[in-house]
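Residue strings, one per chain:
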2 protein chains.
Amino acid sequence: MSIIEQNKLEPVSLKDVTINDHFWAPRRKINREQTIPFQYKQCKETGRIDALKLNWKQGDPEIHPFWDSDVAKWIEAASYSLATDPDAELSKLVDEVIELISAAQQEDGYLNTYFTAVKPGKRWTDLRDAHELYCAGHFIEAGVAHFQATGKCSLLDIVCRYADYIDSVFGPEEGKIKGYPGHQEIELALIKLYHVTGEARYFRLSQFFIEERGNEPHYFTEEKKKYGPGYFEELFSTFANLKEYNQSHKPVREQDKVVGHSVRAMYMYCAMADLAKENGDEKLREACDRLWNNLHYKNMYVTGGIGSTAEYEGFTCDYDLPNESAYAETCAAIGLVFWNHRMLQLDCDRKYADALERALFNGVISGISLDGKKYFYENPLESLGEVHRKEWFGVSCCPPNISRLLGSLGQYIYSQSDSEAIIHLYVSGSAKFKLANQEIKLNQTTNYPWDGNVSIQLEVENPVSFALKLRIPSWTKSAGLKVNGEMVSLENILDKGYVRIEREWKNHDQIELILPMTIEKVYAHPSVRQNRNHVALQRGPLVYCIEGIDNTHYLSQLSLPRDKELTAIFDQKLLGGIVKIVGNGEITEVYDSEDLYQTKPFTTKSFEMTAVPYYAWDNREAGPMKVWIPES
Amino acid sequence: MSIIEQNKLEPVSLKDVTINDHFWAPRRKINREQTIPFQYKQCKETGRIDALKLNWKQGDPEIHPFWDSDVAKWIEAASYSLATDPDAELSKLVDEVIELISAAQQEDGYLNTYFTAVKPGKRWTDLRDAHELYCAGHFIEAGVAHFQATGKCSLLDIVCRYADYIDSVFGPEEGKIKGYPGHQEIELALIKLYHVTGEARYFRLSQFFIEERGNEPHYFTEEKKKYGPGYFEELFSTFANLKEYNQSHKPVREQDKVVGHSVRAMYMYCAMADLAKENGDEKLREACDRLWNNLHYKNMYVTGGIGSTAEYEGFTCDYDLPNESAYAETCAAIGLVFWNHRMLQLDCDRKYADALERALFNGVISGISLDGKKYFYENPLESLGEVHRKEWFGVSCCPPNISRLLGSLGQYIYSQSDSEAIIHLYVSGSAKFKLANQEIKLNQTTNYPWDGNVSIQLEVENPVSFALKLRIPSWTKSAGLKVNGEMVSLENILDKGYVRIEREWKNHDQIELILPMTIEKVYAHPSVRQNRNHVALQRGPLVYCIEGIDNTHYLSQLSLPRDKELTAIFDQKLLGGIVKIVGNGEITEVYDSEDLYQTKPFTTKSFEMTAVPYYAWDNREAGPMKVWIPES
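Let me sum up the structure you'll find in this document.

Scoring rules and cut-offs
- Residues numbered from 1 in each chain as written.
- Chains lettered and ligands numbered in written order.
- Predicted model: local features only at pLDDT ≥ 70, side-chain atom pairs only at ≥ 80, totals over all residues.
- Heavy atoms only, no water.
- Helix = DSSP H or I, 4+ residues; strand = E, 2+ residues; numbered from the N terminus.
- Rg over C-alpha atoms; globule rule 2.2 N^0.38 Å.
- Buried < 20%, exposed > 50% of the residue type's maximum accessible area, 1.4 Å probe, protein only.
- Areas by Shrake-Rupley, 256 points an atom, 1.4 Å probe, with all protein chains shown as cover.
- Axes fitted to C-alpha atoms, helices over the stretch in contact; angles between N-to-C directions.
- Left-handed = near helix turned anticlockwise from the far one by under 90°.
- Contact = heavy atoms within 4.5 Å.
- Nonpolar A, V, L, I, M, F, W, Y, C, P; charged D, E, K, R; others polar.
- Least-squares fit on C-alpha atoms with pLDDT ≥ 70 in both.
- Salt bridge = Lys/Arg side-chain N within 4 Å of Asp/Glu carboxyl O.
- Buried area = accessible area lost by both parts, 1.4 Å probe.
- Polar contact = N/O pair within 3.5 Å; in protein donor to acceptor, adjacent residues only side chain to side chain.
- Phe/Tyr/Trp six-rings, centres within 6.5 Å; stacked < 30°, edge-to-face > 60°.
- Lys NZ or Arg CZ within 6 Å of the ring centre and 35° of its normal.
- 1 Å grid on protein atoms, 1.4 Å probe; cavity = no way out; pocket = protein on both sides within 12 Å on 5 of 7 lines; lining within 4 Å.
- Points joined across faces, edges and corners; volume = space filled by probe spheres on them.
- Parallel < 35°, antiparallel > 145°, perpendicular 65-115°, else oblique.
- Pairing = 2+ DSSP bridges.
- Expected span 1.5 Å × (residues − 1).
- Core = buried A, V, L, I, M, F, W, Y, C linked by side-chain atoms within 4.5 Å.

1. Section: the overall build of chain A
Part 1 of the argument: Of regular secondary structure, chain A possesses 15 helices and 24 strands.
Part 2 of the argument: For 632 residues, the compact-globule formula gives about 26 Å, and the C-alpha radius of gyration of chain A, at 25 Å, lands near that figure.
Part 3 of the argument: In terms of its C-alpha atoms, chain A occupies a principal-axis envelope of roughly 75 × 70 × 50 Å.
Part 4 of the argument: The proportion of buried residues among the 632 residues of chain A is 63%.
Part 5 of the argument: Per element, the accessible surface of chain A, about 22,700 Å² overall, is 48% carbon and sulfur.

Okay, here's the thing in structure tokens:
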């Protein structure tokens, strides 16, 4: 049996999951009450909403070709929120925007403000750079989410008409365009649309876009011969001329190295994983796994951030992970979560959940301030103090992307197959599974990520046999397990990093999982030249950083001796309540010379160092920060 | 007495100096025989020479506004070469180019190919960005050098007419433009012109340009109001809008921090030092010294490279010295030599000569390949293997700048005052001084920079009393001195890092200076975050680097234990004959996991490491390089 056949997992739907912990629940509340309304306000004030009225004319302020996607992602985020936390006012606002979208849709189903209002007559002439199919993908994702959340078809119908129209334009058939998007996104969206509608043509179209990519003659080369340069000069990018930039340098099945723009890559890999699962296509899964290995073993920051260069928002070469200039776009870390979530359903290996968790607790939520009102586009691992979150961006992909992730967090926690209930992430709350023809409820209680003790209680109507699988995160060194108060040895029940407890379960059965969280000093592979002689601190899923405000503004003068102990302390008053790490670091003694270079090593003295979770940095006064600390 | 009054040094003219050592003489030969002819060929082939014919018309390939300066610097380099090594063919070629220049000069004395042929009618409308006065400065320097080398007035007359015209256009007088150049250069050139002609108006014009700079209302602000943006849009630069970029943010006397474009800064500081000396202006010398301190104690690479960012070819913030992305433009290091040379005449303190030597032996000559045919514009201190010298550049300021420095090297070695003969640099050869109404000759013999033993023999007609001053470089820890075979204690005769031997000197008096060269591990100030836990190797004036070809292509896996000995070995066959440094480094053991991050430190094993002088890197097969090595 292939790996795909062995697994066949489905995520438990976010509507069947509750989250009531002290870590995520408050973030999700802020997302609902502050972030989503604030993002609407930004979309409104910047003209993104009104652009849907299509009354742009020469001389008006510029409409950006990406704007539709921001509005769509806002609807998607709002929909997830409505799915778990109904809100009449928000629902009404969403409906109003959908009405504008409906009015903006053209007779033939086409839907794009930029090409309708600003560039009429130029549809599908710049697939490579103009984000037309990208925006379509986000509309589709929004339509699906809105339908699933509310049961309303208003937006779903619109996007189906649009998808039908796109299907009439693109495809392998005679007379259709053999192109594909310069920014992948619609591929994964069409799979979602297929799932809610059952219409196989959406699935086939997604497959066409993915499989056509990178073939010769190369579509983008031909497109530029036909229409450019000059035709779309304002969107022309130096990098876009490189096929690697948008991962069209080879057919996707032949790719084995992450290249180019990292968000494009992630969205493409998501669709590849979806297609592999749907078709039981083991070869395609293997292509995904090759890319996964290259990314996770050679190109990922310890925070789960990916894409190290700002130059083209993407990957450079293996082991090139500069800290200060790290781009590590928030959207790319979110894309990493999306992709690992899909890989996990294909193959229930903890490595995917570990990577998902690493990104989620670090490089994703660093992207939003604790008050939910400011965002990082880039997430460097070191700053001299000049980097701060902003309320909005000209290209504002990241804010609504975080919102939709927080809103849909429920779907990342659990999976199930015909015979297994699986917990990937530890979050207080509950989930409903359908197994052996009955509804089974799992109640999780944990103080995660501050400690690793997890209690799970079952609610079943009748005793029922199934396997409960619990992830043992790779960051813990000695997990313990009790079932109904009795210790269970993990030795023979570990399966790719998950304990698998197969038995007849009864109502109120109780599982205790103990995941000891110790402070770990993390070393990067020696080929990462930027981190030689440095350590990062990690405790549980959280990567830590040192900030100037807790230490000294001369962070470069601090080091951490290899042999000294560090202590974890919960501090209720700090940054909304966090476990901080304190201990003896070293700081260079006052230097006895103004010389920039000298031939004797400088001396150090003891220094009380405090580290805080990376995600929480830049939430107090401006100052320097670093994740990797010199080891002395 | 002020410091300026105490010193009053003059460099010994390059015509009175011979160089016949094994280090510089071969480089100067290559400069004459390969580099200067090759640069002429480049100037010819790229259209720089023919541009002087002024027959450019719409549709022709672009003429760059800087082109005149490349031709002028080539003439200057050729002239220095002719001064010490007559060459009829080269002389003829120079004369031909001067004829073209003569023909290109306008009736009123104006001389600029770009503004005459490409932008007629736009003279002096973009002082900030268009390099008009910058090119004029290089013509003037060329005219002075050509006159001094050959005694011919052909180019000197041209540049005097041009300078006279410029003097009629700029100045404090009613009706004249109160502007100054966006790229400083003419200021130092006018001082040179003043020295050869004795015309005070050139000196006053230089002083005007320097003193007017940074005053309010700000000239460049007013200029852009009057003519731009749009008027010169093709030259418009984002950075040029910042007054710091061209050091016009404050009057020069108030400046105390190096900012902006580093070559502009160096050329300006040169003129400031010149004016300070000429006027005995102690306040202006102090302004120079403040800037010097900020540069040398907080903003200079260990190679003497300066200007750490490529973004605007300039300075960032104190202690920000990234290695891999170091810009460290060759021209900037050359500018550092120019400036320190001037500071040294103002105040005979070895710190200036040390800095000059550091730049000269490292960040300057790294700019040219051993065969004299390829150049670095940027001189990073670390490379993954993708950085290589090139034959020429679109903006090709660096190649002729190195040539003119190598050609004029003689003038940097010695100085004299009324009563002192001073040796700053140790180079086999000789120099003639005029002291006490007689010509005194010093003959130097040394194997510098491979060892630090220097023999000096005097030739005097009659016994004569004067002070001989010899620099004790700061890199040596225990210098020794013998006069006519007898040891002399340095204790009471040290004066700002120079030994001062005042006595009656006789013919064939013999001085032996012993400057022990040991391998030094250099540590950067702990505020240089990029070099924490790293060491650089230095021996004598040479900074070393490790290259992939001698070690491993995984340079990031190498480290250097603090306690291990290193050995210096002269290797005649390597890189034209160099002292290499070898010793036990450490390399990480084969890593037992593909994980990018792990929680145990990796282990290392012994590794035979070889370091070569930094200037010689990238002269063999392509590969990685680094100066700063992790210390273990």
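Back to the text.
2. Overview of the packing of helix 11 (residues 262-279) of chain A against helix 12 (residues 282-298) of chain A
Residue and element names in this part refer to chain A.
Part 1 of the argument: For the pair helix 11 and helix 12, interaxial distance at closest approach is 8 Å and the crossing angle is 145°. In terms of crossing hand, the pair formed by helix 11 and helix 12 is left-handed. Of the residues in helix 12, those touching helix 11 at Met266, Tyr269, Met272, Ala273, Leu275 and Ala276 are Leu284, Arg285, Ala287, Cys288, Leu291 and Leu295.
Part 2 of the argument: A breakdown of the residues in the contact of helix 11 with helix 12 according to their chemical character gives 11 nonpolar, no polar and 1 charged.

3. Section: the relation of the copies chain A and chain B
Part 1 of the argument: Expressed as a screw transformation, the operator carrying chain A onto chain B has a rotation angle of 180° and an axial translation of 0.0 Å, and the superposed copies differ by an RMSD of 0.0 Å. The superposition operator between the copies reduces to a two-fold rotation axis. The C-alpha atom lying nearest the rotation axis in chain A is that of Asn533 of chain A; the distance is 3.5 Å.
Part 2 of the argument: Taken together, the interface assignments show that 100% of the residues at the interface of chain A recur at the interface of chain B, consistent with an identical surface on both copies.

4. Observations concerning the pattern of salt bridges
Residues and elements named next belong to chain A.
Part 1 of the argument: Taken as a whole, this structure holds 94 salt bridges over all chains when the rule is applied.
Part 2 of the argument: One salt bridge connects Asp495 with Lys469, and the closest N-O pair in it is separated by 3.5 Å. One end of the pair, Asp495, is in strand 12 (residues 494-495); the other, Lys469, is in strand 9 (residues 464-471), and 26 residues separate them in sequence.
Part 3 of the argument: Each member of the salt-bridge network shares a partner with another, and the members are Glu76, Glu141, Lys192 and Arg404.

5. Structural notes on the interface of chain A and chain B
Part 1 of the argument: The interface is formed by 47 residues belonging to chain A together with 47 residues belonging to chain B.
Part 2 of the argument: Here chain A packs against chain B, burying approximately 4,100 Å² in sum over the two surfaces, 58% of which is carbon and sulfur.
Part 3 of the argument: Taken as a group, Arg532, Leu596 and Tyr597 of chain A account for 21% of the area that chain A buries against chain B, more than any other trio of residues on that side.
Part 4 of the argument: Linking chain A with chain B are 4 salt bridges, by the criterion used here.
Part 5 of the argument: Taking the shortest distance from any N to any O, the salt bridge between Arg529 of chain A and Glu324 of chain B comes out at 2.5 Å.
Part 6 of the argument: Our enumeration of links across chain A and chain B arrives at 25 residue pairs in polar contact (both at pLDDT 80 or more).
Part 7 of the argument: Residue contributions to the side of chain A that touches chain B peak at 5 residues, all from strand 15 (residues 519-524) of chain A.

6. Some points on the packing of aromatic side chains
Part 1 of the argument: By the definition in use, this model includes 65 aromatic pairs over all chains.
Part 2 of the argument: Ring geometry for Tyr327 of chain A versus Tyr377 of chain A: centroids 6.2 Å apart, planes at 55°, classification tilted. Taken together, the residues span a long stretch of sequence, with Tyr327 of chain A in the loop between helix 12 and helix 13 (330-346) and Tyr377 of chain A in the loop between helix 14 (350-364) and strand 3 (382-383) at a distance of 50 residues. Here the two residues Tyr327 of chain A and Tyr377 of chain A agree in accessibility, since each one is buried.
Part 3 of the argument: Summarising the aromatic geometry, the rings of Tyr523 of chain A and Phe602 of chain B are spaced 6.5 Å apart at their centres and angled 75° between planes, so their arrangement reads as edge-to-face. Of this pair, Tyr523 of chain A sits in strand 15 while Phe602 of chain B sits in the loop between strand 21 (597-598) and strand 22 (604-613), placing the two residues on different chains.
Part 4 of the argument: Within the aromatic cluster, the residues linked to one another by ring pairs are Phe23, Trp24, Phe361, Tyr426, Tyr448, Trp450, Trp475, Phe570 and Tyr615 of chain A.
Part 5 of the argument: Over the face of the ring belonging to Phe23 of chain A we find Arg27 of chain A, whose NZ or CZ atom lies 4.2 Å from the ring centre.
Part 6 of the argument: The ring of Tyr498 of chain B has Lys469 of chain B sitting right over it, with the charged end atom 5.6 Å from the ring centre.

7. Concerning empty space enclosed by the protein
Residue and element names in this part refer to chain A.
Part 1 of the argument: As enumerated under the stated definition, the model contains 5 cavities of 30 Å³ or more in all.
Part 2 of the argument: Its boundaries defined by the atoms lining it, the largest cavity holds a volume of some 80 Å³.
Part 3 of the argument: Every residue along the wall of the largest cavity is listed here: Arg27, Ile30, Asn31, Thr35, Ile365, Ile368, Ser369, Leu370, Gly372, Leu406 and Tyr615.
Part 4 of the argument: Considering only residue class, the lining of the largest cavity consists of 6 nonpolar, 4 polar and 1 charged.
Part 5 of the argument: As a volume, the second largest cavity reaches approximately 40 Å³.
Part 6 of the argument: Arg28, Asn31, Arg32, Ser81, Thr84, Asp85, Leu406 and Gly407 are the residues that line the second largest cavity.

8. A few points about the packing of helix 13 of chain A against helix 14 of chain A
Residue and element names in this part refer to chain A.
Part 1 of the argument: Taken N-terminus to C-terminus, the directions of helix 13 and helix 14 make an angle of 160°; their axes are 8 Å apart at the nearest point. Here helix 13 lies roughly antiparallel to helix 14, going by the angle between them. Crossing geometry of helix 13 relative to helix 14 is assigned as left-handed. Packed against helix 13, whose contacting residues are Thr330, Ala333, Ile334, Leu336, Val337, Asn340, His341, Met343 and Leu344, the element helix 14 presents Tyr352, Ala353, Ala355, Leu356, Ala359, Leu360, Gly363 and Val364 at the interface.
Part 2 of the argument: Each residue belonging to the contact of helix 13 with helix 14 can be placed in one class, and the counts come to 13 nonpolar, 4 polar and no charged.

9. Description of the sheet that holds strand 4 (residues 414-416) of chain A
Residue and element names in this part refer to chain A.
Part 1 of the argument: Within the open sheet, the 6 strands sit side by side as 1-4-5-9-13-12. Their pairing is mixed. The sheet is open, and its two borders are formed by strand 1 (10-11) and strand 12, each paired with just one other strand.
Part 2 of the argument: Looking at chain direction, strand 9 and strand 13 (residues 498-505) are connected through 8 bridges and run antiparallel. Its bridge partner being in strand 13, Leu470 is matched across the sheet by Val499.

10. Let's talk about the environment of Lys29 of chain B
Residue and element names in this part refer to chain B.
Part 1 of the argument: Locating Lys29 in the fold gives a position in helix 2 (residues 24-45).
Part 2 of the argument: Overall, the relative accessible area of 41% leaves Lys29 in the partly exposed class.
Part 3 of the argument: Counting along the chain gives 52 residues from Lys29 to Ser81, while the straight-line C-alpha distance between them is 9.3 Å.

11. Here we look at helix 7 (residues 154-169) of chain A
Residues and elements named next belong to chain A.
Part 1 of the argument: Between its first and last C-alpha, helix 7 extends 24 Å over 16 residues, near the 22 Å set by a 1.5 Å rise per residue.
Part 2 of the argument: Of all the residues in helix 7, the buried ones are Leu155, Leu156, Ile158, Val159, Cys160, Tyr162, Ala163, Tyr165, Ile166, Asp167 and Val169.
Part 3 of the argument: One or two steps after helix 7, the chain reaches Gly171, where phi turns positive at roughly 150°.

12. Things to note about the nonpolar core
Part 1 of the argument: Membership of the largest hydrophobic core comes to 152 residues, with the highest contact counts inside it found for Trp24, Met266, Met272, Trp339, Leu470, Met609 and Val627 of chain A.
Part 2 of the argument: If sequence neighbours within four positions are ignored, Leu470 of chain A has contacts with Ile423, Tyr426, Ile456, Leu481, Gly497, Tyr498, Val499, Ile501, Ile511 and Leu513 of chain A.
Part 3 of the argument: Formed by 151 residues, the second largest nonpolar core is a distinct cluster that contains Cys348, Tyr426, Leu442 and Trp475 of chain B.

13. What to know about the side chain of His261 of chain A
Residues and elements named next belong to chain A.
Part 1 of the argument: Relative to the elements of secondary structure, His261 occurs in the loop between helix 10 (219-227) and helix 11.
Part 2 of the argument: Accessibility expressed as a relative area gives 4% for His261, which makes it buried.
Part 3 of the argument: In this view, His261 contacts His183, Tyr245, Gln247, Tyr312, Glu313 and Gly314; residues no more than four positions away in its chain are not counted.

14. Some details on unusual backbone geometry
Part 1 of the argument: Cis geometry marks the peptide bond from Glu216 of chain A to Pro217 of chain A, where omega comes out at -5°.
Part 2 of the argument: Looking at the element boundaries, Pro217 of chain A is found in the loop between helix 9 (200-212) and helix 10.
Part 3 of the argument: Omega for the bond connecting Tyr448 of chain A with Pro449 of chain A falls within 30 degrees of zero, at 5°, which places this linkage in the cis form.
Part 4 of the argument: Tracing the backbone shows Pro449 of chain A in the loop between strand 7 (438-446) and strand 8 (453-459).
Part 5 of the argument: For Lys8 of chain B, which is not a glycine, the phi torsion comes out positive at approximately 55°.
Part 6 of the argument: At Asn484 of chain B, a residue that is not glycine, the phi angle is positive and equals roughly 50°.
Part 7 of the argument: Inspection of the secondary structure assignment puts Asn484 of chain B in the loop between strand 10 (480-483) and strand 11 (486-487).

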